[in-house]
Amino acid sequence: MTEFLPDDVNHHEMKELTQEQEEQYNEILMNIQRDINILGEISSDRLTKRRALEKIKRETIGNKKKLSVEILQKVFFNISNALVKCLGDSVEKCREISTQIITEFVGTIDPVPFISYLMPVFVNRYSQPEVIEPSEEIRLATVELILNLSNISKREITPFVEDIVRIIDRTLQDPYPEVKKVSCKIIISLVENAERQVSSFGEKITKSLVPTLQHKHSSVRIIALEALKYAVIADASGLNDIINTLRNLTLDKTGSVREALYKTVSEWLLKLRDRYSYGDKLLPLLFAGFVDEVPKYQDLCRSYMDEIGALYEYDWESRLKDQLDYTPNDNNSNRPRIGSRHVVRDNIMKILDKLLEDIQDWNAERRNKSSQIFVTIFDFVEEHITGYTSNIIPIFCKVCTTDEASLLQSIGKSAELMGHYVEPKVWLDVITPQIKRSAGGAVQSRIGCLKVLGSLIRGSDQEKLAPSIKNISSIINENELIHNENIFLLLEVSIVVQEIIKKLLKSNVKGTNNEIEESVGFIYFYILVQLKSSENNINIPGVKEMQLSIDESLKLLTEKHEFESISQLYNYYFDTLMNELTKTIDIWNSYSVEPKVYYNLLENSGELIGQRLDIIISNFIKLFNVERDFETRIRMFSLLYKLLTTEPLSLNSTHQLPLYSKKIIIDIFIANGIWRAGKKASVIRSKDMECFLAFLSLQDKQVENDKRIIESQCIENIMEKELLPVLISCLEDDDVNTRENVLKIFNKLFHKDYCKAYSAEIFKKIYPELLKRMDDASDIIRDQTSKTFQYIFECISYWQDYIQNAEIDSGEAYVEKSLDDVHYQTIIKGLAIHLDDSNNLIQNSVCDTFKHLALISHISTTPLSKIPLKTMIIEYLSSVRSKHRNSYFIDSIIQYIQNLK
């Protein structure tokens, strides 16, 4: 049998057996000789071979007498040829048993002499492109056998490294995960036992491991990383080819896989002979651990980085000596040690290039992880990042156009750290062209630039930033930014302004009296007021956040000025801002931002408005000019109404408003109340009458002894020729609100203080128009008209009392001192018909009006008519009683009048 064995086995010196051992050996050989022959016979059937193998196993390695190693060594010498042939047998069970027998012999005897005989068979069956061995169990048993050979043989395995590498190149692709795991263990064993020989195949092994690193089983990926660690330590030439695969492993869902990666990378940075030449590729992998979601792994990676830094300090002691002597490492500080900072700085250029590429990657996880790594880099690079500012900021601006919250948070933190370490002048020179270049382009591009700018400012030192504050204002105070219609862009502008105000030095905020317009405080106050004057509908996304940011900024700016309230801030800059606004008041239109700012200024200036009535009323008259565009006038009516209805009344804080009442009524209310065609004109009239009513209602809020806001003389001068025609015209308006407000205005104007403004002719013009309104399409108007008749009769009563006692100049024309009875009869007839109205509300209202008329007639000191008004009412109502469907209201009125008697 020995003739078939290789020469090195034939001539291998075996230990001499004792006589007893020789006898045992001969007995065993005699018992299994026939079985050995059966295995060598081609014609033997599968059952016979199987029985032969089982008997060989039972008589040799499975012998109950526990044969000595020497005997087993010699027995295996004789049966190895037959067993090796069975490894390729067509019968699976034969292959399985023969593999088991060889494996057990290898674990017992010295296998080295037989490796050269076994290895060609393994290479032939397991290094082929196609899988020859169909059984997973046998493939697993075979690679385990190779692993045992390597572990037992130690350095003796060296001549067979190439063959084993060829085998594992295929077994790493085996579909059975357990085969992959054992193949990885073989790599580890080979490197431990024959590192120098393995280094010749390091690149091949590294590439072979790549698919295994991507296997779906985490246990396979972990052992593959362990194998890769050893393979790269033997030969790092293949590291560049698999770095992308390793980067993907930083995103692995399994924590133990990431932990294995961090350990592997740290081992390379500590043990590779040319470790510093791979720093730009390996350090980002370790930094990924700094931002791992598991705190334990973060601490682990920081400890690894500390070790790497310590090794760097040892390797480059002469280079770092001065720094180590004068600024030694502080164990109590969070600042990385000197060596760690230097090892990162040495590779920062290439690291940054790759990170900047990755934060723009199509894969969201890759973008987020890379942006998080970016944050950690700054702690190591510190102010040395300055030289790369021009590369980083444009990419940050581009990336910040996204809406990914986690990515924006990381980039924002990185920009904040950059602002901390880099001088403001440097980053300002880089970001300013970015913002200006994006002007007129995509809104998202400008939003991205502003996000970065805000973060840079947030991280900057207050003292260092101070000289650049005005330069920043010139960037953001562009019309395309602060007057933009995009709410999210305005939100970012407001955030930038807020960050700037936080950095303002109190000593630099205010200017001198002659330089307030140029002061930093005014510049940013004006920007905030313009922003606050933009869209205020909180239902629009982003508006609420923007307004909150602006309000917070105003509070901060107030504190910087050492004022107690925001209104004081408005008051301080009121004159300056008003002068700035009025420069262009003649050309304001619906697209101008100035009307909105003007609104905001007056709305928030409190009692100071009363001290500046001269310019405010003058501006109002210009803004309410009928030639002005519709939107501007509507905005101003809204402002005026708010000022007139807000308590306390800031317009009259100095009690000077009565001086301007006539001008306000004539140039604003009368001018805008004149009828003009069109829907917009109708809206203007509606707003105009609403404000006029609010203006007349101011007297209701006055204390009894206070001076009247609208003097009676004012109404007397304008009633007949100017005011009355406009009011009568508006009574015919299509808009219900306009008609209703005019009726309420008449109610205010029929006050006894204004009775001197009337004459019989005026009353004769008014009451027919009121009677028309009793037939209005709107019941609201009819009800209000009925009530207005009560006011007009009170006014007639006051007027007659006044006119009867007034001294009339004899040179004047005839003056009527009362209305003829016919007019009262006309009014009674016009109202009486509505006592039979189908609407009960109108019936009740007219009934109350008749009772009120009767009461006025009863209590009036001067008779209103020749025939008593009460008599007129009773006579007419009695005459039409039978014509009404329901006489309840007529009877009620007659009964009421009779009770007055």
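**Student:** Teacher, can you tell me more about the overall build of the chain here?
**Tutor:** Looking only at helices and strands, one finds 44 helices and 0 strands in the chain. The globule rule puts the C-alpha radius of gyration for 901 residues at 29 Å, and the 51 Å found for the chain is more than 25% above it. Its C-alpha atoms put the chain at 170 × 75 × 45 Å along the principal axes. Relative to its 901 residues, the chain shows a buried fraction of 54%. A separation threshold of at least 6 residues defines the contact pool for the chain, and within that pool the share at least 24 residues apart is 72%. A total accessible area of about 41,600 Å² is found for the chain, and carbon and sulfur atoms account for 47% of it. Side-chain charges in the chain split into 109 positive and 130 negative, and the spacing between the mean points of these groups amounts to 2 Å.

**Student:** Explanation requested: the packing of aromatic side chains in the structure shown.
**Tutor:** Taken as a whole and assessed by the stated rule, the structure comprises 29 aromatic pairs. Taking the centre distance of 5.3 Å and the plane angle of 90 degrees together, the rings of tyrosine 276 and tyrosine 312 count as edge-to-face. Here the residue tyrosine 276 occupies a position in the loop between α13 (255-271) and α14 (279-290), and tyrosine 312 occupies one in helix α15 (residues 295-315), the gap between them amounting to 36 residues. The exposure class assigned to tyrosine 312 is buried, which follows from its relative accessible area of 1%. What links up through ring pairs into an aromatic cluster is the set Phe522, Phe525, Tyr526, Phe563, Tyr570, Tyr572 and Tyr573. One residue, arginine 319, lies across the ring of tryptophan 316, its end atom 5.6 Å from the ring centre.

**Student:** Whenever I open this one, the pattern of salt bridges confuses me. Can you help?
**Tutor:** A side chain of one charge can pair with a side chain of the opposite charge if their charged atoms are brought near each other. Tallied over the entire structure, the rule returns 51 salt bridges. Of the charged contacts in the structure, one is a salt bridge between glutamate 313 and arginine 337, with a shortest N-O distance of 2.8 Å. Note that glutamate 313 is positioned in helix α15 and arginine 337 in the loop between α16 (317-326) and α17 (338-358), a separation of 24 residues in sequence. Measuring nitrogen to oxygen at the nearest pair gives 3.3 Å for the salt bridge that ties lysine 425 to aspartate 429.

**Student:** Can you help me understand the nonpolar core in this one?
**Tutor:** What tends to happen in soluble globular proteins is that the nonpolar side chains get buried as a cluster. In terms of nonpolar packing, the biggest core is built from 302 residues, with Leu246, Trp427, Tyr598 and Phe620 touching the most fellow members. Sorting elements by how many residues they give to this core places helix α37 (residues 712-731) first, with 11 residues. Among all residues touching phenylalanine 620, those that are not within four sequence positions of it are Tyr598, Leu602, Met636, Leu639, Leu640, Leu643 and Ile668.

**Student:** Please explain the layout of surface pockets as it appears in this structure.
**Tutor:** To locate leftover empty space, one rolls a probe as large as a water molecule over the atoms. Considered as a void within the structure, the largest pocket measures approximately 850 Å³ in volume. Forming the boundary of the largest pocket are 29 residues, of which Ser533, Ser534, Glu535, Val593 and Lys596 lie nearest the centre. Taken together, the elements giving at least two residues each to the lining of the largest pocket come down to α25 (479-482), α26 (487-503), α28 (520-532), α31 (594-604) and α34 (630-645). For the lining of the largest pocket, the element with the highest residue contribution is α31, accounting for 6 residues. Of the residues assigned to the lining of the largest pocket, the class counts are 8 nonpolar, 14 polar and 7 charged.

**Student:** So what exactly am I meant to see when it comes to the packing of helix α39 (residues 760-773) against helix α41 (residues 821-832) here?
**Tutor:** When two helices pack together, their arrangement is given by the angle between the helix axes and the distance between those axes. Across the interface, α39 lies against α41 with an axial gap of 10 Å and an inter-helix angle of 15 degrees. Here α41 runs roughly parallel to α39, going by the angle between their axes. Read as a crossing pair, α39 and α41 show a hand that is left-handed. Of α41, the residues touching α39 (which contributes Lys764, Tyr767 and Leu771) are His823, Thr826, Ile827, Gly830 and Leu831.

**Student:** How should the environment of tryptophan 799 be read in this particular structure?
**Tutor:** On the secondary structure map, tryptophan 799 appears in helix α40 (residues 779-805). Overall, the relative accessible area of 1% leaves tryptophan 799 in the buried class. Once the C-alpha coordinates of tryptophan 799 and valine 84 are considered, the two residues, 715 residues apart in sequence, prove to be 136 Å apart. Excluding anything up to four places from it in sequence, tryptophan 799 contacts Cys755, Tyr758, Ser759, Ala760, Phe763, Glu816, Lys817 and Ser818.

**Student:** For this particular structure, what's the right way to read α26?
**Tutor:** Note: α-helices contain 3.6 residues per turn, so residues at a spacing of three or four share the same orientation. Counted at 1.5 Å a residue, the expected span for α26 with its 17 residues is 24 Å, and the 25 Å between its end C-alpha atoms agrees. Of all 17 residues in α26, 14 are buried, a share of seventy percent or more. Taking the backbone nitrogen of phenylalanine 488 as reference, a side-chain oxygen 3.0 Å away marks asparagine 486 as the first, capping residue of α26.

**Student:** Can you help me understand the side chain of threonine 389 in this one?
**Tutor:** Relative to the helices and strands, threonine 389 is located in helix α19 (residues 389-399). Once you skip the residues sitting within four places of it in the chain, threonine 389 turns out to touch Pro394, Met418, Val422, Val426, Trp427 and Val430.

**Student:** Please explain the packing of α40 against helix α42 (residues 840-859) as it appears in this structure.
**Tutor:** For the pair α40 and α42, the least separation of the axes is 9 Å and the interaxial angle reads 0 degrees. One way to sum up the angle between α40 and α42 is to call them roughly parallel. Here Asp779, Arg782, Asp783, Ser786, Lys787, Phe789, Gln790, Phe793, Glu794 and Ser797 of α40 lie close against α42, whose contacting residues are Leu841, Ile842, Ser845, Val846, Asp848, Thr849, His852, Leu853 and Ile856. Considered class by class, the residues forming the contact of α40 with α42 number 7 nonpolar, 6 polar and 6 charged.

**Student:** Whenever I open this one, helix α5 (residues 92-106) confuses me. Can you help?
**Tutor:** Between its first and last C-alpha, α5 extends 21 Å over 15 residues, near the 21 Å set by a 1.5 Å rise per residue. Here α5 has its buried residues at Cys94, Arg95, Ile97, Ser98, Thr99, Ile101, Ile102, Phe105 and Val106. Where α5 is buried, its residues meet α3 (46-59), α4 (69-86), α6 (112-126) and α7 (136-153).

**Student:** How do you make sense of the environment of threonine 212 when you look at a structure like this?
**Tutor:** Of note, threonine 212 is situated in helix α10 (residues 202-213). Sequence separation between threonine 212 and valine 683 is 471 residues, and the spatial gap between their C-alpha atoms is 76 Å. Discounting chain neighbours no more than four positions away, the residues touching threonine 212 are Leu172, Lys180, Cys184, Val220, Arg221 and Ala224.

**Student:** Honestly, the environment of serine 682 in this entry has me stumped. Any pointers?
**Tutor:** Looking at the secondary structure, you find serine 682 in helix α36 (residues 679-696). In sequence terms serine 682 and cysteine 730 are 48 residues apart; their C-alpha atoms lie 9.5 Å from each other. If we ignore the near neighbours within four places in the chain, the residues touching serine 682 are Asp733, Asp735 and Thr738.

**Student:** Please explain the confidence of the model for the chain as it appears in this structure.
**Tutor:** Regions with low pLDDT carry predicted coordinates that are not meant to be interpreted in detail. A residue-level look at the chain finds 95% of positions with pLDDT of 70 or above and a mean pLDDT of 86. Mean pLDDT per element in the chain: helix α1 (residues 7-10) is the minimum at 44, and α13 is the maximum at 94.

**Student:** Would you explain unusual backbone geometry in this entry?
**Tutor:** With the exception of glycine, most residues fall at negative phi, and the peptide bonds are largely trans. Cis geometry marks the peptide bond from glutamate 647 to proline 648, where omega comes out at -5 degrees. Position of proline 648 among the secondary structure elements: in the loop between α34 and α35 (661-673). Phi angles above zero are rare outside glycine, and lysine 154 is one such case at about 55 degrees. For lysine 154, the position within the fold is in the loop between α7 and α8 (161-171). Overall, the relative accessible area of 48% leaves lysine 154 in the partly exposed class. A positive phi angle is found at glutamate 562, which is not glycine, with a value near 65 degrees. Positionally, glutamate 562 belongs in the loop between α29 (543-560) and α30 (566-582). The exposure class of glutamate 562 is exposed, given its relative accessible area of 61%.

Analysis parameters
Residues numbered from 1 in each chain as written. Predicted model: local features only at pLDDT ≥ 70, side-chain atom pairs only at ≥ 80, totals over all residues. Heavy atoms only, no water. Helix = DSSP H or I, 4+ residues; strand = E, 2+ residues; numbered from the N terminus. Rg over C-alpha atoms; globule rule 2.2 N^0.38 Å. Buried < 20%, exposed > 50% of the residue type's maximum accessible area, 1.4 Å probe, protein only. Contact = heavy atoms within 4.5 Å. Areas by Shrake-Rupley, 256 points an atom, 1.4 Å probe, with all protein chains shown as cover. Lys, Arg positive; Asp, Glu negative; His and termini not counted. Charge placed at Lys NZ, Arg CZ, Asp CG, Glu CD. Phe/Tyr/Trp six-rings, centres within 6.5 Å; stacked < 30°, edge-to-face > 60°. Lys NZ or Arg CZ within 6 Å of the ring centre and 35° of its normal. Salt bridge = Lys/Arg side-chain N within 4 Å of Asp/Glu carboxyl O. Core = buried A, V, L, I, M, F, W, Y, C linked by side-chain atoms within 4.5 Å. 1 Å grid on protein atoms, 1.4 Å probe; cavity = no way out; pocket = protein on both sides within 12 Å on 5 of 7 lines; lining within 4 Å. Points joined across faces, edges and corners; volume = space filled by probe spheres on them. Nonpolar A, V, L, I, M, F, W, Y, C, P; charged D, E, K, R; others polar. Axes fitted to C-alpha atoms, helices over the stretch in contact; angles between N-to-C directions. Parallel < 35°, antiparallel > 145°, perpendicular 65-115°, else oblique. Left-handed = near helix turned anticlockwise from the far one by under 90°. Expected span 1.5 Å × (residues − 1). Polar contact = N/O pair within 3.5 Å; in protein donor to acceptor, adjacent residues only side chain to side chain. pLDDT = per-residue confidence, 0-100.

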